[in-house]
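Spelled out, the chains give:
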Amino acid sequence: MSITRYEMTIHLVTDSPLHSGGIDEVVDRSRPGSERVAVPRRFARDGKGHPVLTGRSVKGAVRAACEEYLHSDAGAAVRKQLGSDWEGLWGTTSSGKPRAATLTFHAVDLAEAVQRKDRSAWKAGTADAPETHPVAQSIALATRTGIAVNRYWGAAGDTALFEHEYIPAGCPLTLTITAQAGRMSTSDEGTQPETEGPEPATESQVEQLFALIIGLLESGRVAFGGRRNAGWGRVRLDADEPTWTLTRSRLGTREDLLTWLGGGENVTSAIDPVDCTESERIRITISWDSPTGILVAEPRPEKKAERDKPAHKGAKGQADDQQEMIYTEPLRSEPQPSAPFVLPGSSVRGALRSRASRIARTVLAARESTVIDDWAKRGVHDQLATDPTLVRDLFGSTDRRGALRVLDTLASGQTTLRKVVHNAGDRWTGGVAEGLLYGEKVPDTRWKDLVLELDPRSLPGPVDRRRAAWCLLGLTLAELATGALPLGSRGTRGLGQIHVTRVRVDGGADIVGEPWDFKDPIADQVLTQLRALTIEPNPEADSNWSGWSSYLCETKESCRD
């Protein structure tokens, strides 16, 4: 037996922002709360200071998608072709037969990707001076800031400000995967294996794995990095480039070695991608507009020191201390000033979770036997951890990822910025408070559809529990359709009101029932559809509970305590 080496190059494009954490900076928690600043979570860097998507991160995402598909009924045919030991092809450290992985995933250079898209989105040229510019900062990518809202007070939660470095949608990525099949022989006759151990992968297995990976990427089943429930990390095959190329090099003879040194044999046409079309995921599309305007603000820049700036003398020789007002700018999808405005998926998802939690806790509070904790003194992280069961099923917790994904929503068409000026009144004099004049720019625009994706396979428990989770999400969507749930910030100042014009739901027939396509009155139609679902009561809940609400508590004890 001889060794056969493969190299596959796949050209991808980011379909949404992408973030993958590297080594985080240590947060200085000894500072007083008023002096704390957000520490950005940055990509890992290579020796040149370039941000990279590590091979380990890529391998983990691809492996998870492959295993999920192969464990399903749809993957039975591919599973049979790979053989009974297909799981060992990804490597194992078990004490019985440890083996290295067949595939090697190489790091993706993100600096090159962003440079190819737009040079203005990154800064280079400092890697040659590490003594003055740390390698971790040698190439700076854009960052996006977010907050978690305290469910009790409705304000930003303490210690809940976070910032992520990211690359925007539309960046080309080049993914390289290498593999080795077979094993060298030690005898002249080529009959003795090199070492005893697990059987190496065959050429057929390696090529079948490549076909599966391409099929998964084509179907959109693979997402890289973190924040996937906020719609980040989505990639697609690049239609502007040769989608993928595969070279094969057998190393058994002198001619084979010469072929390998010349770049290998192109066997791209030998790969027939596996059809991994995904039909299980539920897709919710919401058409809407905003009569008041939606504002998700960019962080305001630091005020520059004015002590070194000479005073401007007016006509009478008096100093003019009036400062130029700095307007709060709306968030854009990319660093470029021409990029479209964006309503982040994380913002919409947070609003939906807050309202779903409120609905669930209201139902629980209506039961005399159920004691609801007062969240007034709980931090936002504790509030998320103690959300009712179905809320955690949908939106996740620190222990597991939720089943609901909300994508970023971009502005569509021409946009005008409306300047809104505010001032705070002095509570003593009744006049305008000094130094508290501020303004913001609100985009008046049409927005694309809100898109939510629910993966029923990620919902735990039997089908009745999954239908119960769908009922809770449906009630939340009904409140959204009534206009009672504002989106974005400045909701107490009149912004963020929305008008839903249409709700469409496709997929998940065993949970949803018939596909939805509702127009006004949307909320009534949603409630009618939810009432038609058949849900057996939770056998673990108290006998007084019935319907979907019986799954808000996992056990009888939790409903009482």
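Described below are features of the structure shown in this document. (Residues numbered from 1 in each chain as written. Predicted model: local features only at pLDDT ≥ 70, side-chain atom pairs only at ≥ 80, totals over all residues. Heavy atoms only, no water.)

1. Quick word on the overall build of the chain
Part 1 of the reasoning: Helices and strands together make up the secondary structure of the chain, namely 12 helices and 20 strands.
Part 2 of the reasoning: The 561 residues of the chain split such that 43% are buried.
Part 3 of the reasoning: Within the chain, contacts between residues separated by at least 24 positions form 72% of all contacts whose residues are at least 6 apart in sequence.
Part 4 of the reasoning: When the accessible area of the chain is evaluated, it comes to approximately 29,700 Å², of which 48% is carbon and sulfur surface. (Helix = DSSP H or I, 4+ residues; strand = E, 2+ residues; numbered from the N terminus. Buried < 20%, exposed > 50% of the residue type's maximum accessible area, 1.4 Å probe, protein only. Contact = heavy atoms within 4.5 Å. Areas by Shrake-Rupley, 256 points an atom, 1.4 Å probe, with all protein chains shown as cover.)

2. A look at the sheet that holds strand β5 (residues 108–109)
Part 1 of the reasoning: The strand order β2-β3-β5 describes an open sheet built from three strands, whose pairing is antiparallel. The sheet terminates laterally at β2 (44–45) and β5, the two strands that pair on one side only.
Part 2 of the reasoning: Two elements, strand β3 (residues 51–53) and β5, share two bridges in a ladder whose sense is antiparallel. Considered in β5, the bridge of V52 is made with D109. (Pairing = 2+ DSSP bridges.)

3. A few points about the pattern of salt bridges
Part 1 of the reasoning: This structure, assessed with the given rule, holds 23 salt bridges.
Part 2 of the reasoning: Notably, a salt bridge pairs R355 with E479, separated by 2.5 Å at the nearest N-O pair. A residue pair is termed long-range when its members are at least 10 positions apart, and R355 in helix α6 (residues 345–365) and E479 in helix α9 (residues 463–481) qualify at 124 residues.
Part 3 of the reasoning: Using a relative accessible area of 12% as the deciding quantity, one classes R355 as buried. (Salt bridge = Lys/Arg side-chain N within 4 Å of Asp/Glu carboxyl O.)

4. Quick word on the nonpolar core
Part 1 of the reasoning: Among the nonpolar cores identified, the biggest contains 62 residues, and I284, I286, L343, L452, W470, L487 and W516 are the most heavily contacted of them.
Part 2 of the reasoning: No other element matches the 10 residues that α9 contributes to this core.
Part 3 of the reasoning: Among residues more than four places away in sequence, those in contact with L343 are W288, I294, V296, V348, D408, T409, W447, L450 and L487.
Part 4 of the reasoning: In terms of nonpolar packing, the next biggest core, distinct from the first, is built from 53 residues, I10, F105, F210 and L217 among them. (Core = buried A, V, L, I, M, F, W, Y, C linked by side-chain atoms within 4.5 Å.)

5. Side note on the packing of aromatic side chains
Part 1 of the reasoning: Inspection of the entire model under this criterion finds seven aromatic pairs.
Part 2 of the reasoning: Taken together, W470, W516 and F518 form an aromatic cluster joined through their ring pairs.
Part 3 of the reasoning: For R227, the ring lying beneath its charged end belongs to W232, and the centroid distance is 4.8 Å.
Part 4 of the reasoning: Sitting above the plane of the W375 ring, R361 keeps its charged end 3.7 Å from the centroid. (Phe/Tyr/Trp six-rings, centres within 6.5 Å; stacked < 30°, edge-to-face > 60°. Lys NZ or Arg CZ within 6 Å of the ring centre and 35° of its normal.)

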